[in-house]
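Report on the structure
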Amino acid sequence: QHASAGGPASAAAPTPGQAVVTERQEAFVLADIDGDGCISLPELAREMAWRFAALDASHDDVLTPDELGEHDPAKFARLDKDGDGKLTFVEVMQAKEADFAKADKARTGCVTVVEVLEFDGLEVGN
(Lines give C-alpha, C1' and ligand atoms only; values in the text may rest on other atoms or scores of the structure.)
Protein backbone atom coordinates (compact mmCIF):
# COMPACT_ATOMS: atom_id res chain seq x y z
CA GLN A 1 0.00 0.00 0.00
CA HIS A 2 3.00 2.27 0.11
CA ALA A 3 5.38 3.17 -2.66
CA SER A 4 8.91 1.86 -2.52
CA ALA A 5 12.00 2.82 -4.45
CA GLY A 6 11.91 -0.52 -6.27
CA GLY A 7 8.19 -0.51 -6.97
CA PRO A 8 6.50 -0.98 -10.33
CA ALA A 9 6.73 2.69 -11.26
CA SER A 10 10.53 2.57 -11.22
CA ALA A 11 11.01 -0.97 -12.52
CA ALA A 12 12.22 -1.19 -16.11
CA ALA A 13 10.61 -3.76 -18.38
CA PRO A 14 12.96 -6.64 -19.15
CA THR A 15 14.64 -6.54 -22.53
CA PRO A 16 13.95 -9.40 -24.96
CA GLY A 17 17.43 -10.77 -24.19
CA GLN A 18 16.76 -10.70 -20.45
CA ALA A 19 13.45 -12.49 -20.99
CA VAL A 20 15.22 -15.26 -22.94
CA VAL A 21 17.88 -15.58 -20.23
CA THR A 22 15.17 -15.85 -17.56
CA GLU A 23 13.31 -18.46 -19.64
CA ARG A 24 16.50 -20.52 -20.08
CA GLN A 25 17.31 -20.27 -16.37
CA GLU A 26 13.80 -21.47 -15.44
CA ALA A 27 14.04 -24.38 -17.91
CA PHE A 28 17.44 -25.27 -16.45
CA VAL A 29 16.04 -25.49 -12.92
CA LEU A 30 13.29 -27.84 -14.12
CA ALA A 31 15.78 -30.07 -15.97
CA ASP A 32 18.18 -30.22 -13.02
CA ILE A 33 16.39 -33.12 -11.35
CA ASP A 34 18.78 -33.62 -8.45
CA GLY A 35 19.18 -29.87 -7.85
CA ASP A 36 22.98 -29.92 -7.90
CA GLY A 37 23.26 -26.91 -10.24
CA CYS A 38 24.43 -29.04 -13.12
CA ILE A 39 22.56 -30.97 -15.82
CA SER A 40 23.96 -34.40 -16.65
CA LEU A 41 23.31 -36.36 -19.85
CA PRO A 42 20.70 -38.56 -18.12
CA GLU A 43 18.89 -35.43 -16.90
CA LEU A 44 19.06 -33.95 -20.40
CA ALA A 45 17.71 -37.18 -21.91
CA ARG A 46 14.77 -37.17 -19.47
CA GLU A 47 13.95 -33.55 -20.28
CA MET A 48 14.22 -34.18 -24.03
CA ALA A 49 12.02 -37.29 -23.80
CA TRP A 50 9.36 -35.21 -22.06
CA ARG A 51 9.60 -32.41 -24.65
CA PHE A 52 9.61 -34.85 -27.56
CA ALA A 53 6.48 -36.60 -26.26
CA ALA A 54 4.77 -33.24 -25.71
CA LEU A 55 5.44 -32.21 -29.32
CA ASP A 56 4.46 -35.60 -30.82
CA ALA A 57 0.79 -34.75 -31.36
CA SER A 58 0.12 -37.87 -33.47
CA HIS A 59 1.83 -40.16 -30.91
CA ASP A 60 3.74 -41.97 -33.67
CA ASP A 61 7.19 -41.54 -32.07
CA VAL A 62 8.40 -39.10 -34.73
CA LEU A 63 8.22 -35.34 -35.11
CA THR A 64 7.14 -33.81 -38.40
CA PRO A 65 7.52 -30.19 -39.50
CA ASP A 66 3.80 -29.70 -38.85
CA GLU A 67 4.19 -30.83 -35.23
CA LEU A 68 7.07 -28.41 -34.73
CA GLY A 69 5.15 -25.40 -36.06
CA GLU A 70 7.51 -22.51 -36.69
CA HIS A 71 10.92 -24.01 -37.30
CA ASP A 72 14.07 -23.58 -39.34
CA PRO A 73 13.86 -25.95 -42.35
CA ALA A 74 17.67 -26.06 -42.68
CA LYS A 75 18.05 -27.06 -39.03
CA PHE A 76 15.34 -29.69 -39.42
CA ALA A 77 17.19 -31.12 -42.44
CA ARG A 78 20.47 -31.26 -40.47
CA LEU A 79 18.77 -33.16 -37.64
CA ASP A 80 16.91 -35.49 -40.03
CA LYS A 81 19.91 -37.77 -40.63
CA ASP A 82 18.06 -40.30 -42.79
CA GLY A 83 16.25 -37.60 -44.80
CA ASP A 84 12.78 -39.11 -44.33
CA GLY A 85 11.15 -35.81 -43.33
CA LYS A 86 10.65 -36.94 -39.74
CA LEU A 87 12.72 -36.64 -36.59
CA THR A 88 13.10 -39.63 -34.31
CA PHE A 89 14.05 -39.29 -30.67
CA VAL A 90 17.45 -40.82 -31.51
CA GLU A 91 18.09 -38.13 -34.14
CA VAL A 92 17.13 -35.38 -31.71
CA MET A 93 19.26 -36.83 -28.89
CA GLN A 94 22.31 -37.24 -31.14
CA ALA A 95 22.17 -33.50 -31.85
CA LYS A 96 21.55 -32.66 -28.19
CA GLU A 97 24.45 -34.86 -27.07
CA ALA A 98 26.75 -33.07 -29.54
CA ASP A 99 25.56 -29.69 -28.22
CA PHE A 100 26.03 -30.95 -24.65
CA ALA A 101 29.64 -31.91 -25.39
CA LYS A 102 30.32 -28.45 -26.86
CA ALA A 103 28.66 -26.68 -23.91
CA ASP A 104 30.53 -28.78 -21.32
CA LYS A 105 33.71 -26.72 -21.58
CA ALA A 106 35.02 -27.94 -18.23
CA ARG A 107 34.53 -31.58 -19.35
CA THR A 108 32.81 -32.47 -16.10
CA GLY A 109 30.02 -34.55 -17.63
CA CYS A 110 27.46 -31.96 -16.73
CA VAL A 111 26.67 -28.40 -17.77
CA THR A 112 25.97 -25.42 -15.56
CA VAL A 113 23.46 -22.69 -16.30
CA VAL A 114 26.36 -20.38 -17.19
CA GLU A 115 27.66 -22.90 -19.75
CA VAL A 116 24.17 -23.26 -21.24
CA LEU A 117 23.71 -19.51 -21.56
CA GLU A 118 27.18 -19.06 -23.05
CA PHE A 119 26.54 -21.89 -25.53
CA ASP A 120 23.32 -20.15 -26.57
CA GLY A 121 25.29 -16.91 -27.05
CA LEU A 122 23.49 -15.16 -24.22
CA GLU A 123 25.01 -12.75 -21.75
CA VAL A 124 25.10 -14.00 -18.19
CA GLY A 125 23.47 -11.31 -16.06
CA ASN A 126 24.46 -10.14 -12.64
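What you are looking at is a predicted structure, and each value in this text was computed from that prediction instead of being measured. (Residues numbered from 1 in each chain as written. Predicted model: local features only at pLDDT ≥ 70, side-chain atom pairs only at ≥ 80, totals over all residues. Heavy atoms only, no water.)

Now for the side chain of Asp56. Structurally, Asp56 can be placed in the loop between α2 (41-55) and β2 (62-63). In this structure, Asp56 is buried with no salt-bridge partner, the nearest side chain bearing the opposite charge being Lys86 at 10 Å. (Helix = DSSP H or I, 4+ residues; strand = E, 2+ residues; numbered from the N terminus. Buried < 20%, exposed > 50% of the residue type's maximum accessible area, 1.4 Å probe, protein only. Lys, Arg positive; Asp, Glu negative; His and termini not counted. Salt bridge = Lys/Arg side-chain N within 4 Å of Asp/Glu carboxyl O.)

With that out of the way, let us pick up the layout of surface pockets. One water molecule sets the probe size; rolling that probe over the atoms shows where empty space is left. Empty space within the largest pocket amounts to approximately 1300 Å³. Of all the elements in the fold, those that place two or more residues in the lining of the largest pocket are α1 (16-31), α2, α4 (73-79), α5 (89-103) and α6 (113-119). Of all the elements, α5 adds the most residues to the lining of the largest pocket, at 10 residues. For the lining of the largest pocket, the residue count by class is 21 nonpolar, 2 polar and 14 charged. (1 Å grid on protein atoms, 1.4 Å probe; cavity = no way out; pocket = protein on both sides within 12 Å on 5 of 7 lines; lining within 4 Å. Points joined across faces, edges and corners; volume = space filled by probe spheres on them. Nonpolar A, V, L, I, M, F, W, Y, C, P; charged D, E, K, R; others polar.)

A positive phi angle, close to 65°, is found at Asp61, a residue other than glycine. At Arg107, a position not held by glycine, the phi torsion is positive, near 55°. The topology assignment puts Arg107 in the loop between α5 and β4 (110-111).

This paragraph deals with the state of the cysteines. Formally, a disulfide is one covalent bond, and it connects the sulfur atom of one cysteine to the sulfur atom of another. Tallied over the entire structure, the rule returns 1 disulfide. In this model Cys38 forms its disulfide with Cys110; the gap between the sulfur atoms is 1.8 Å. Its torsion about the S-S bond being 100°, the disulfide of Cys38 and Cys110 is classed as right-handed. Here Cys110 lies in strand β4 and Cys38 lies in the loop between α1 and β1 (39-40), a separation of 72 residues in the sequence. Across the pair, Cys110 and Cys38 agree in class, each one buried. (Disulfide = S-S within 2.5 Å.)

Moving on, we get to α2. End to end, α2 covers 21 Å across 15 residues, agreeing with the expected 21 Å (1.5 Å per residue, within 8%). Listed as buried for α2 are Glu43, Leu44, Glu47, Met48 and Phe52. In an axial view of α2, the angular spread of the buried residues amounts to 165°, which keeps them on one side of the axis. Opposite its buried face, α2 presents the exposed residues Pro42 and Trp50, each directed more than 90 degrees away. (Expected span 1.5 Å × (residues − 1). Arc of directions from axis to C-beta.)

As a further point, take the environment of Ala54. Here Ala54 shows up in helix α2. Its relative accessible area of 55% is what places Ala54 among the exposed residues. Placed 13 residues apart in sequence, Ala54 and Glu67 show a C-alpha to C-alpha distance of 9.8 Å.

So, about the environment of Asp56. Classification of Asp56 as buried rests on a relative accessible area of 5%. Put simply, Asp56 and Asp66 are 10 residues apart on the chain and 10.0 Å apart in space, counted from C-alpha to C-alpha. Once you skip the residues sitting within four places of it in the chain, Asp56 turns out to touch Asp61, Val62, Leu63 and Glu67. (Contact = heavy atoms within 4.5 Å.)

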